[in-house]
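Inside the fold
Residues per chain are reported as follows:
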Amino acid sequence: MLIEELGLYFERRHNLPPLAARIYAIMVLSSQEGFSFEELMEITQASKSSVSTNLNLLLQLKYLEYYTRPGKRKRYFRSSGSFLQNMLKERFETIISDLELTQKVNKFNQENNPENYRKKGYIGNIFHDFLEQEKLNIEQTLQRIRDFKEQN
């Protein structure tokens, strides 16, 4: 089932506990606007404390948000935005870190291992160029998503 497959993916990729990953997968795949706490307990067949703990984690990580409906005191939970947009933002942050580290390694090798840098340094530059292109691609994709959201 796709919910389980996506849940396992979230566990591995985002280091989420199994229940948090399953709840997030439910949110991403559902056509329903939001779920009450009780609905999530029923769907996941998990205890009140387990659902509460995992919802709080997802809220802290900003994967989910909650809202209330007019005239109701209940909180309803939903995905905080585009699943793909969140993934791209995470990847962008990783690329920024990779770029900084690659730049430091290249500079260190250039200054402290000039002979080795002449032989192999170009590979580090190739990787740095790749990261720059990936960064640009993600920036452009995120802009396209923002533009699309503004039009709709």
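Worth saying up front: this structure is predicted, and the values here are computed from it rather than measured.

This part covers empty space enclosed by the protein. In total, this model carries one cavity of 30 Å³ or more according to the counting rule given. Taken as a whole, the largest cavity holds about 30 Å³ of empty space. If you go around the largest cavity, the residues you meet are H14, Y24, Y63, F83, N86, M87 and E90. Its residues assigned to classes, the lining of the largest cavity comprises four nonpolar, two polar and one charged. Three or more residues apiece are contributed to the lining of the largest cavity by two domains, here domain 1 (2-79) and domain 2 (83-150).

Split into domains, the protein comes out as domain 1 (2-79) and domain 2 (83-150). Placing the centre of domain 1 and that of domain 2 at their C-alpha centroids yields a distance of 32 Å. The interface of domain 1 with domain 2 comprises eight residues on the first partner and four residues on the second. Taking both partners together, domain 1 and domain 2 bury about 530 Å²; carbon and sulfur atoms supply 52% of that area. Considering only the side of domain 1, the residues that lose the most area to domain 2 are R13, H14 and Y24, jointly responsible for 51% of the buried surface there. Across the domain 1-domain 2 interface, the total number found is zero salt bridges. In this structure, the connection of domain 1 to domain 2 is made through three residue pairs in polar contact (both at pLDDT 80 or more). For the side of domain 1 that touches domain 2, the secondary structure elements donating two or more residues are α1 (2-14) and α2 (18-29). A per-element tally of the side of domain 1 that touches domain 2 places α1 first, with five residues. Tallied by class, the residues present in the side of domain 1 that touches domain 2 amount to six nonpolar, one polar and one charged.

Attention shifts here to the sheet that holds strand β2 (residues 64-68). Pairing is antiparallel in the open sheet, where three strands are placed in the order β1-β3-β2. Looking at strand neighbours, the two that pair on one side only are β1 (35-36) and β2, the edges of this open sheet. Pairing of β2 with strand β3 (residues 75-79), which is carried by five bridges, proceeds in the antiparallel orientation. Paired with Y67 across the two strands is Y76, which belongs to β3.

What follows covers α1. Taking 1.5 Å of rise per residue, the 13 residues of α1 would be expected to cover 18 Å, and the 17 Å separating its terminal C-alpha atoms lies within 8% of that figure. Structurally, α1 contributes buried residues whose contacts are with α2 and α5 (83-112). Of the residues flanking the end of α1, it is N15, one or two places downstream, whose phi is positive at about 55°.

Let's shift gears to the side chain of S79. Of note, S79 is situated in strand β3. Residue classification places S79 among the buried residues on the basis of a relative accessible area of 17%.

Turning our eyes to something else, we now look at the nonpolar core. Core analysis: the largest hydrophobic core is formed by 24 residues, its most contacted members being F10, I23, L40, L55, L58 and L64. Those elements that provide at least two residues to this core are α1, α2, α3 (37-44), α4 (48-60) and α5. Looking at which element gives the most residues to this core, the answer is α2, with eight residues. Apart from residues lying up to four places away in sequence, L64 is in contact with I23, Y24, M27, L55, L58, L59, R78, S79 and S80.

Each value, and the rule that gives it
- Residues numbered from 1 in each chain as written.
- Predicted model: local features only at pLDDT ≥ 70, side-chain atom pairs only at ≥ 80, totals over all residues.
- Heavy atoms only, no water.
- 1 Å grid on protein atoms, 1.4 Å probe; cavity = no way out; pocket = protein on both sides within 12 Å on 5 of 7 lines; lining within 4 Å.
- Points joined across faces, edges and corners; volume = space filled by probe spheres on them.
- Nonpolar A, V, L, I, M, F, W, Y, C, P; charged D, E, K, R; others polar.
- Domains from an automatic or database assignment.
- Contact = heavy atoms within 4.5 Å.
- Buried area = accessible area lost by both parts, 1.4 Å probe.
- Salt bridge = Lys/Arg side-chain N within 4 Å of Asp/Glu carboxyl O.
- Polar contact = N/O pair within 3.5 Å; in protein donor to acceptor, adjacent residues only side chain to side chain.
- Helix = DSSP H or I, 4+ residues; strand = E, 2+ residues; numbered from the N terminus.
- Pairing = 2+ DSSP bridges.
- Expected span 1.5 Å × (residues − 1).
- Buried < 20%, exposed > 50% of the residue type's maximum accessible area, 1.4 Å probe, protein only.
- Core = buried A, V, L, I, M, F, W, Y, C linked by side-chain atoms within 4.5 Å.

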